[in-house]
Amino acid sequence: MAKTKKSIFRLDNTAFWSFIMMILGAILGLLFPETMGKLKFIGDIWIDCIQMMLIPLVLCIVTLAIGSQEDMKTLGRVAVRITIYYVLTTLAAVAIGLGLAFLLKPASGVVLSDYEITEIAQTTSFTVEAFVTGLFSSNIFASFSEGNLLQTMVIAILLGIAVMRVKNQETKLRFINAIESFNDVINEFLRMLIKLAPVAVLFLISDSFSKYGFSIFSSMVGLIGTFWLSILVNTLVVYCTILWVVSGINPVQFIKDTAEVWTFAIASCSGAACIPLSIKNVKEKFQVPDHIADFCLTIGGQLNSHGTALMYGCVLVFISQMYNIPLSLGTMVQIILVGSLISASGGGIPGSGIVKLSILVSTFGFPAEIVGIIAGFYRFFDMGTTTGNVLGDVAGTVTVAKLEERTAKKRGIPLQAG
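All figures in this text were calculated on a predicted structure; none of them were measured in a lab.

What counts, and at which threshold
- Residues numbered from 1 in each chain as written.
- Predicted model: local features only at pLDDT ≥ 70, side-chain atom pairs only at ≥ 80, totals over all residues.
- Heavy atoms only, no water.
- Helix = DSSP H or I, 4+ residues; strand = E, 2+ residues; numbered from the N terminus.
- Contact = heavy atoms within 4.5 Å.
- Areas by Shrake-Rupley, 256 points an atom, 1.4 Å probe, with all protein chains shown as cover.
- Buried < 20%, exposed > 50% of the residue type's maximum accessible area, 1.4 Å probe, protein only.
- Core = buried A, V, L, I, M, F, W, Y, C linked by side-chain atoms within 4.5 Å.
- Salt bridge = Lys/Arg side-chain N within 4 Å of Asp/Glu carboxyl O.
- Polar contact = N/O pair within 3.5 Å; in protein donor to acceptor, adjacent residues only side chain to side chain.
- Axes fitted to C-alpha atoms, helices over the stretch in contact; angles between N-to-C directions.
- Parallel < 35°, antiparallel > 145°, perpendicular 65-115°, else oblique.
- Left-handed = near helix turned anticlockwise from the far one by under 90°.
- Expected span 1.5 Å × (residues − 1).
- Arc of directions from axis to C-beta.
- Phe/Tyr/Trp six-rings, centres within 6.5 Å; stacked < 30°, edge-to-face > 60°.

## What about the overall build of the protein chain?
Helix and strand counts for the protein chain come out as 21 helices and zero strands. Look at the contacts in the protein chain between residues 6 or more apart in sequence, and 83% of them connect residues 24 or more apart. A total of about 19,100 Å² of accessible surface is found on the protein chain, and carbon and sulfur atoms cover 65% of it.

This is how it looks when you write it as structure tokens:
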């Protein structure tokens, strides 16, 4: 036990210091709001440096994850498993958000006129055709320059398949070695930045508390409390149960081992920025092989939105209670299905989670004023959605890795390490 404690409190333990800086940032934000608000740019610079490398990172790791495969069987099995996991858990997330909101009734006593309404930019309605079309790029360089991670991922998948099909082994090996060399440099750059994560956490958290203080808890406490409770329930009931059954990892161990990931997710509100840290975490803490970690977490960072899906369920029930709009069983099933689809469509729809929420509200014909109110408090929702999304990515990746390990044992072959 003494050895474990020593490892937790080492000076170079990023998770421990990120947690300390989160608490310190909240205190400084409350005590010196004006000063800490002005210093947020330090955290913004850190996030910009991470995001600067995301396009080349995604291009490299997905291309290598696919191109290094001997055949499509292993890749196809991993892809099917992680897709099934994301589909089922996203449906469960919306259902949990709906269920807890029905049970707790967060709209009780809320008066709409008490809040300021933020104007939401108009956007087009969601369509499956627009989403699927948005996956594919007509200009590879435009996709890179615009920072479109979803299109970059599709480009990398197609490029990886092309590499895998190259007959000349010498040409194939030279290309893979070149990408691996570039990827090594990117990873070293990101390792330097990850060591500075506690500094970024300090200034990002302090900015949130300098702007809002504790006023958020005296206003929309019902909705925000229900939403965060949904995140906790989903993590413990869905993620941790799956991990415990499949991998034997108990909830306490999972929360502890992912501390560096969820503390940074809360502070940064950037799922994309969490991708490098999540990849590092699953490889070091859960011994997930490179090809599974790289592939599953990159896809998850773009397609999995458990936290966002939870918010949809909570908000739609909140609106129905506020305006006395009855929700039939059929409507709730539709909300689960449509909410799950829209939550996974971040790369295909311009704008943030609040824009997608406005699309969902409009789809079901609900009054849109509440979306403008939520926009004013969205930082506190965004902390939860990012945390739920990222923890879902990590749990799914570890689950798939364990299933792949079992499959390999049945066939009497070692699990591919890279």
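Picking up where we left off.
## What to know about the environment of Phe381
Turning to its location among the elements, Phe381 is positioned in helix α21 (residues 378-411). Residue Phe381 is classed as buried on the basis of its relative accessible area, which comes to 0%. A sequence separation of 157 residues divides Phe381 from Ile224, and the C-alpha atoms of the two residues are 7.0 Å apart. Other than its neighbours up to four places away in sequence, Phe381 contacts Leu223, Ile224, Phe227, Met311 and Ile374.

## Structural notes on the nonpolar core
In terms of nonpolar packing, the biggest core is built from 113 residues, with Ile205 and Phe254 touching the most fellow members. In contact with Ile205, other than residues within four places in its own chain, are Met22, Gly25, Ala26, Ile266, Ala267 and Met383.

## What about the pattern of salt bridges?
All told, the structure shown has 11 salt bridges when counted by the stated rule. For the salt bridge of Glu404 with Arg81, the shortest nitrogen-to-oxygen distance reads 2.6 Å. Linking Glu404 in helix α21 with Arg81 in helix α6 (residues 72-104), this pair joins segments that are 323 residues apart in sequence. The exposure class of Glu404 is buried, given its relative accessible area of 2%. A salt bridge links Lys280 to Glu284, with the nearest nitrogen and oxygen atoms 3.4 Å apart. Here the residue Lys280 and the residue Glu284 both occupy positions in helix α15 (residues 271-285), the gap between them amounting to four residues, near one helical turn. With relative accessibility at 48%, the residue Glu284 sits in the partly exposed group. One continuous salt-bridge network, built from bridges that share partners, spans Arg77, Arg81 and Glu404.

## Structural notes on the environment of Thr263
As for its position among the elements, Thr263 is in helix α14 (residues 259-268). With 241 residues separating them in the primary sequence, Thr263 and Met22 have C-alpha atoms 7.6 Å apart. Engagement of the side chain of Thr263 in a polar contact is seen with the backbone oxygen of Ala259, the distance being 2.7 Å.

## Considering the packing of helix α5 (residues 54-67) against helix α9 (residues 149-165)
Axis angle and axis distance: for two packed helices, these are the angle between their axes and the distance between the axes, and together they describe the pair. Look at α5 against α9: their axes get within 7 Å of each other, and the N-to-C directions meet at 30 degrees. In terms of orientation, α5 and α9 fall into the roughly parallel class. The handedness of the crossing between α5 and α9 comes out as right-handed. For the pair formed by α5 and α9, the contact residues are Leu54, Ile55, Val58, Leu59, Val62, Thr63, Ile66 and Gly67 on the first element and Leu149, Thr152, Met153, Ile155, Ala156, Ile157, Leu159, Gly160, Ile161, Val163 and Met164 on the second.

## So, the packing of helix α17 (residues 306-322) against α21
At a closest axis distance of 6 Å, the pairing of α17 and α21 adopts a crossing angle of 130 degrees. Here α17 is positioned oblique relative to α21, judged by the angle of their axes. Contact residues: α17 offers His306, Gly307, Thr308 and Met311, while α21 offers Tyr378, Phe381, Gly384, Thr385, Gly388, Asn389 and Gly392.

## Observations regarding the side chain of Lys40
Examined against the element boundaries, Lys40 turns out to sit in helix α4 (residues 40-52). Note on Lys40: relative accessible area 19%, which makes it buried. With residues up to four places along the chain from it excluded, the contact list for Lys40 reads Phe203 and Asp207.

## Brief notes about α4
Under the 1.5 Å per step criterion, the end-to-end length of α4 is 18 Å for 13 residues, consistent within 8% with the ideal 18 Å. Burial in α4 covers these residues: Lys40, Gly43, Trp46, Ile47 and Ile50. Summarising the axial view, the buried residues of α4 lie within an arc of 125 degrees, below the 170-degree limit, and thus occupy one face.

## Topic: the packing of aromatic side chains
How two aromatic rings sit relative to each other is set out by the distance from centre to centre and by the angle between their planes. What the rule picks out here adds up to five aromatic pairs. Ring plane angle 75 degrees and centroid distance 6.3 Å describe the contact between Phe227 and Trp228, whose orientation is recorded as edge-to-face. In this structure Phe227 comes out as buried when scored by relative accessible area, which is 0%. Residue Trp228 is classed as partly exposed on the basis of its relative accessible area, which comes to 28%. One aromatic cluster in this structure is built from Phe227, Trp228 and Phe381.

## Digging into α5
Helix length check: α5 (14 residues) gives 19 Å between terminal C-alpha atoms against 20 Å at 1.5 Å per residue, within 8%. Burial of α5 is extensive: 13 of the 14 residues sit out of reach of the surface.

## Comments concerning the environment of Ser230
By the element assignment, Ser230 lies in helix α12 (residues 221-247). According to the relative accessible area criterion, Ser230 is buried, its value standing at 0%. Every residue in contact with Ser230, bar those within four places of it in the chain, is listed here: Ile96, Gly97, Leu100, Leu310 and Cys314.

## Things to note about unusual backbone geometry
Unlike most non-glycine residues, Lys105 shows phi in positive territory, near 50 degrees. Its location among the elements puts Lys105 in the loop between α6 and α7 (128-134). You can call Lys105 partly exposed: its relative accessible area is 46%. Of note in this structure, Gln287 is not a glycine but carries a positive phi near 55 degrees. Structurally, Gln287 can be placed in the loop between α15 and α16 (290-303).

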